[in-house]
Amino acid sequence: MFGIILRRKCSEYFQPFIWNREFCSVQRNNFAVAAFYKFRKTENPDQLAQKIREKMGTMEVKGRIYLNQIGINGQMCLPSEHLDEALDYLHHAYPDMDMKIHRSDFQVFNRLRVRHGKLLEGLDESFDSSSVGQHVSAAEWNQMLEENNEDTVILDVRNDYEWEVGHFKDSRQPTFRTFAEFIKYSEKFSKEVEKDQRILMYCTGGIRCELYSSILKRKGFQDVYQLNGGILKYGFQPDTSHWQGNLFVFDDRLVVPLDGDTNGDWSETISECRYCGVKCNTCYNCASFHCNKIFICCAKCVVKYKACCSVECSQSENTFFKQRNPSQINLDKYVGCGDHFREILKKDFSD
């Protein structure tokens, strides 16, 4: 996925031919991308946040780390040479914290944010981490899937576009995007699904399942299981036969193979362009700034519809910010949207 950017001219626009990122280094995998969370009582989260911010800054870490009195949740990227030192420092504050590590050829975040606050929307300091579903390993998860029990519901608690990029076979496509929407969804779910049915829940790194499984248990579901370490940890073990497609991640890579190795083998593409239906993996933030929804689109249609998620958005006057002078736009703030999206903005701003 990550190689030299190729383009071809198409009337007034540069038609994207292959959306690839130019290598930031001659060496491959010279950055490490780490995802982690841990529930552990923290006495002074403000003070610890300041210490972590200062220490991570000395190691060129970028990303987002949230902590409060009940634990920590973070995703960060740093030069591989500093990885062991960074992990040792975090493990000192949060012993036995599980780390999911991918490798990258470039820095996938644009800045470092470390703050005392919610670990996740809906997951504040009042959360009871003992009220969650039962954690199961990848091997146990595969065994449950192979049993093919008709009373089992496989519940994906990510966003719909994440499911489109890749998911476990026979899992339900999410119809919610936010914590508030899941609360409403759980009401409907509890009326459609019997309370004694087995629920297999999964997400990217595991922390969304901690919150959402506790909600279902409060609704009366007792047989609730969650994939330990999420899809990230599942992708590191050999038997991934129940997974199809690739994996959406919330950083500048956007889509990676299940094992995170972008220089290795990619799974078959199962996601489709929302306009023409051609198979593609490329995700965009809608260019209408009153929308900004993430959607999947092919190179041809993204030009035709001005990088927007719908015809309505593409015809909106709010599509694309028009700068008054060339220095007014800082494309660094679009790190996280993908290099392909920034290329479209640069072309629009240069007109």
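Preceding block: the structure.
What this report covers is the structure whose coordinates are included nearby. (Residues numbered from 1 in each chain as written. Predicted model: local features only at pLDDT ≥ 70, side-chain atom pairs only at ≥ 80, totals over all residues. Heavy atoms only, no water.)

Looking at the packing of aromatic side chains
For the structure shown, the criterion picks out 20 aromatic pairs. Measuring from centroid to centroid gives 5.6 Å for F39 and F127, while their planes differ by 35 degrees, and the two rings are tilted. Residue F39 is found in strand β3 (residues 31-39), and its partner F127 is found in the loop between β7 (112-116) and β8 (134-136); the two are separated by 88 residues along the sequence. Under the relative-accessibility criterion, F127 is labelled buried at 12%. Centre to centre, the rings of F189 and F221 are 5.4 Å apart; their planes meet at 50 degrees, and the pair counts as tilted. Remark: F221 occurs in the loop between α6 (207-218) and β12 (224-227) and F189 occurs in helix α5 (residues 179-192); sequence separation between them is 32 residues. Overall, the relative accessible area of 0% leaves F221 in the buried class. (Phe/Tyr/Trp six-rings, centres within 6.5 Å; stacked < 30°, edge-to-face > 60°. Helix = DSSP H or I, 4+ residues; strand = E, 2+ residues; numbered from the N terminus. Buried < 20%, exposed > 50% of the residue type's maximum accessible area, 1.4 Å probe, protein only.)

Quick word on α6
Across its twelve residues, α6 extends 17 Å between first and last C-alpha, which sits within 8% of the 16 Å expected from 1.5 Å per residue. For α6, every residue scored as buried is listed here: I207, R208, C209, E210, L211, Y212, S213, S214, I215 and L216. Of the residues flanking the end of α6, it is G220, one or two places downstream, whose phi is positive at about 110 degrees. (Expected span 1.5 Å × (residues − 1).)

Some words on the environment of A32
Locating A32 in the fold gives a position in strand β3. Residues within four places of A32 in sequence aside, it is in contact with M76, C77, L78, S80, L83, I101, H102 and R103. (Contact = heavy atoms within 4.5 Å.)

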